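Working through the structure, step by step
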Amino acid sequence: QAKVAGKNCHRSYNRAMDHAVERRVHMEHELRGAWERGELRLVYQPIYRTSDRQMVGVEVLLRWQHPALGAIPPSVFIEVAEQSGLIEVIGPKVLRAACLDAIQWPMPPGAVPLFVSVNVSPRQLRSGEMADTVARCLRESGLPPSRLHLELTETAVIGDEMLAASLLDKLHRMGVKVWLDDFGTGFSGLSHLRQVPVDGVKIDKSFVADLQRDPDDLALTTAIIAMAHSLGITVVAEGIEHEVQYQLLRDRKCDLGQGYWFSRPVSSMDLVRMLGGMA
Ligand code: C2E
Ligand code: MG
Ligand code: MG
Ligand code: MG
């Protein structure tokens, strides 16, 4: 009896595995033509200066609306794109489209033109084509390099410090800024800042989420801000959902902030409206 149950269990486990693999293969297949079918679109989440709440830039975030599967979160499909190598096709399209959008945005009243910050995945970093892709997108769009920022994750940089450092060098010579995304989650941030001289760090939203309740999170965030400033680099906090989080970060001189409390990600058209321009 037990043997039969065990066997059944084994079989259903295999079936569950097959199902997961099947789903993944299906998703990869669907993702392949998603851009051409117009299922992928870019949204922009505003980034604000904490001192005066002036919008200074935006982060591009990719969205996938599949006709049958519905809205698939980036945490799921970016992973599929990364594993399959599709990100090397999609990533440059996102970068190009973002540059072409950005050049259309009006200036915020009494401010400098917005920067646009683009996420770069580990695979894109390793492809060796990143610098050429950036140069091409800047040329084709006419976007000034100072208005483009790239976000690399700590995990992308780990183990590939030489590659990351040489890419950073090329980007800096072009005039493009680089930020380290999800900072603090890689558990090794400090040593990487020595080898990979980024222009800023984005404090991961997991630190911000409990800032007002967890003294350890507040202490770590305060330390990250101090450390970044002593290195002369910018600090951005992501995932600000409550005013009290904003106030804590502003009082600790965190330079920039982003989160639902300020604004959700919006379409390029809605961004233009927010800036008070003509859509
Ligand atoms: P990320 O780069 O750290 O982006 C920030 C994420 O936090 C976004 O999730 C954003 O919508 C979300 N967020 C913003 N404000 C808040 C807030 O106040 N509270 C909470 N809980 N979340 C907030 P999203 O859009 O789901 O993207 C998830 C991740 O997927 C991104 O994390 C990024 O790593 C990746 N991703 C998204 N678009 C792209 C892309 O075009 N290329 C690449 N390589 N990765 C992308
Ligand atoms: Mg990011
Ligand atoms: Mg992040
Ligand atoms: Mg993330």
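Up top is the structure these notes are about.
Anyway, here's the lowdown on the structure attached to this text. All values derive from a computational prediction rather than experimental measurement.

**Some points on the overall build of the chain**
Within the chain, the secondary structure is distributed over 12 helices and 9 strands. Its C-alpha radius of gyration of 21 Å places the chain within 12% of the 19 Å reference for a compact globule of 279 residues. For the chain, the spread of C-alpha atoms along the three principal axes comes to 75 × 45 × 40 Å. Counting every position in the chain, which comprises 279 residues, the buried fraction comes to 46%. Counting only contacts in the chain whose residues sit at least 6 apart along the sequence, the fraction spanning at least 24 positions is 68%.

**What to know about the coordination of the magnesium ion (ligand 2)**
Taken together, the protein donors to the magnesium ion (ligand 2) comprise E59 (OE), N119 (OD1), E151 (OE) and D181 (OD), at separations of 2.0 to 2.2 Å. Site description for the magnesium ion (ligand 2): donor spacing in sequence, E-x59-N-x31-E-x29-D. A spacing of 4.1 Å is found between the magnesium ion (ligand 2) and the magnesium ion (ligand 3), which share D181 as a donor. Placement of the pair is N119 in strand β4 (residues 115-120) and D181 in strand β6 (residues 177-183), with a sequence separation of 62 residues.

**Details of unusual backbone geometry**
Its identity is not glycine, yet R53 carries a phi of approximately 55°, on the positive side. Position of R53 relative to the elements: it lies in the loop between β1 (40-49) and β2 (55-66). Residue classification places R53 among the partly exposed positions, given a relative accessible area of 45%. The phi dihedral of D182 falls on the positive side, at around 50°, and the residue is not glycine. With respect to the element layout, D182 can be found in strand β6.

**With respect to the nonpolar core**
Formed by 75 residues in total, the largest nonpolar core has its most connected members in L31, W105, V116, L148, L150 and V201. Here this core takes 7 residues from helix α3 (residues 87-102), the largest share from any one element. The next biggest cluster of nonpolar side chains, apart from the first, holds 6 residues, and it includes I47, V56, V236 and L256.

**Structural notes on the pairing of β1**
In terms of burial, β1 is a largely internal element, 8 of the 10 residues being buried. Summarising the sheet, β1 and β2 pair through 9 bridges and their orientation is antiparallel. Bridge pairing in β2 links I47 to G57. Counting the residues between successive antiparallel strands, the hairpin from β1 to β2 contains 5 residues, one of them, R53, with a positive phi of roughly 55°. Where β1 lies against strand β9 (residues 256-257), 2 bridges are found, and the strand directions are antiparallel. From the neighbouring strand, Y48 faces β9, where its bridge partner is G257.

**Some thoughts on the site of ligand 1**
Every one of the 22 residues lining ligand 1 counts as a neighbour, but R63, N119, D181, E241 and Y260 are closest to it. A distance of 2.9 Å separates an oxygen atom of ligand 1 from a polar atom in the side chain of D181. In the complex, 83% of the free accessible area of ligand 1, which totals 800 Å², lies under the protein chains. Elements that contribute at least two residues to the shell around ligand 1 include exactly β2, α2 (74-84) and β6.

About the cut-offs
- Residues numbered from 1 in each chain as written.
- Chains lettered and ligands numbered in written order.
- Predicted model: local features only at pLDDT ≥ 70, side-chain atom pairs only at ≥ 80, totals over all residues.
- Heavy atoms only, no water.
- Helix = DSSP H or I, 4+ residues; strand = E, 2+ residues; numbered from the N terminus.
- Rg over C-alpha atoms; globule rule 2.2 N^0.38 Å.
- Buried < 20%, exposed > 50% of the residue type's maximum accessible area, 1.4 Å probe, protein only.
- Contact = heavy atoms within 4.5 Å.
- Donors = N, O, S within 2.8 Å, 3.2 Å for Na, K, Ca; no water.
- Core = buried A, V, L, I, M, F, W, Y, C linked by side-chain atoms within 4.5 Å.
- Pairing = 2+ DSSP bridges.
- Near = heavy atom within 4 Å.
- Polar contact = N/O pair within 3.5 Å; in protein donor to acceptor, adjacent residues only side chain to side chain.
- Areas by Shrake-Rupley, 256 points an atom, 1.4 Å probe, with all protein chains shown as cover.

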